[in-house]
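Chain and residue survey
One letter stands for each residue in the lines below.
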Amino acid sequence: QYSCVSWNESGPEYTYEFVAPGNQNVEVSLSNLNGTDLDIFVLDNSSGSCNEGNCADQGNVLASFSSVAGQTYYFVVDGYQGAAGSFDFSVACN
C-alpha cells in the first residue's frame, strides 16, 4: 500500500531506479496503455530503501517532482485492482 493513495494497487509492479543528475524538475510519464489502468509512483529513497511509505508523488499517467542531485528515486508502475499490461515509460528532466 502506497502512502500517497488509499486504493488497491495490486497489479504486478515494475520498478525503475533513477539517480538525479541535478537539482531539477523531473517528469515521469506512461503512454500506450491500451486501456489498462496503470499508475505511476515516485518513491523517495531518503530512508535508504525502496519503500512504498516514501511516496513523493503519484499519477495516473504522469508524476512530477523536484529532485535533489545525487539522490536515488524509484519509479514504480503498478496496476489498479490487479490490472496488468504493456506500456511505454519516459523520464524528462528540466
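Residues numbered from 1 in each chain as written. Predicted model: local features only at pLDDT ≥ 70, side-chain atom pairs only at ≥ 80, totals over all residues. Heavy atoms only, no water.

1. Remarks on the pairing of strand β6 (residues 72-79)
Across the eight residues of β6, eight count as buried, placing the element largely inside the fold. In β6, alternate side chains face the same way, and those of T72, Y74, V76 and D78 on one face and Y73, F75, V77 and G79 on the other are all buried. Bridge count for strand β3 (residues 38-44) against β6 is seven bridges, and the pairing is antiparallel. Within the sheet, the bridge partner assigned to L38 lies in β6 and is G79. (Buried < 20%, exposed > 50% of the residue type's maximum accessible area, 1.4 Å probe, protein only. Helix = DSSP H or I, 4+ residues; strand = E, 2+ residues; numbered from the N terminus. Pairing = 2+ DSSP bridges.)

2. Focus: the nonpolar core
Ranked by internal contacts, the top residues of the largest apolar core, which has 15 residues, are L30, I40, F65, Y73 and F75. For this core, the elements supplying multiple residues, two or more each, are β2 (25-31), β3, β5 (62-66) and β6. Residues V5, C55, Y74 and V76 belong to the second largest nonpolar core, which totals seven residues. (Core = buried A, V, L, I, M, F, W, Y, C linked by side-chain atoms within 4.5 Å.)

3. Describing the sheet that holds β2
Across a sheet, strands are paired by hydrogen bonds formed along the backbone, either parallel or antiparallel in direction. Spatially, the three strands line up as an open sheet ordered β5-β2-β7, and their pairing is antiparallel. Two strands bound the open sheet, and with one partner strand each, they are β5 and β7 (88-93). Looking at each pair of strands side by side, their axes are set apart by 15° on average, direction ignored. As judged from the five bridges shared by β2 and β5, these two strands associate in the antiparallel manner. Residue pairing across strands places N25 opposite S66, the latter belonging to β5. (Axes fitted to C-alpha atoms, helices over the stretch in contact; angles between N-to-C directions.)

4. With respect to the packing of aromatic side chains
One pass over the structure, following the stated rule, counts six aromatic pairs. With a centroid separation of 5.6 Å and 65° between ring planes, the pair formed by Y14 and F87 is classed as edge-to-face. Note that Y14 is positioned in strand β1 (residues 14-19) and F87 in the loop between β6 and β7, a separation of 73 residues in sequence. Residue class for F87 comes out buried when judged on its relative accessible area of 16%. What links up through ring pairs into an aromatic cluster is the set Y16, F18, F65, Y73, F75 and F89. (Phe/Tyr/Trp six-rings, centres within 6.5 Å; stacked < 30°, edge-to-face > 60°.)

5. Structural notes on the environment of F41
Relative to the helices and strands, F41 resides in strand β3. Residue F41 is classed as buried on the basis of its relative accessible area, which comes to 0%. Sequence separation between F41 and Q1 is 40 residues; the distance between their C-alpha atoms is 11 Å. Look past the residues within four positions of F41 in its chain and what remains in contact with it is Y2, C4, V5, E9, C55, D57, Q58, Y74, F75, V76 and D78. (Contact = heavy atoms within 4.5 Å.)

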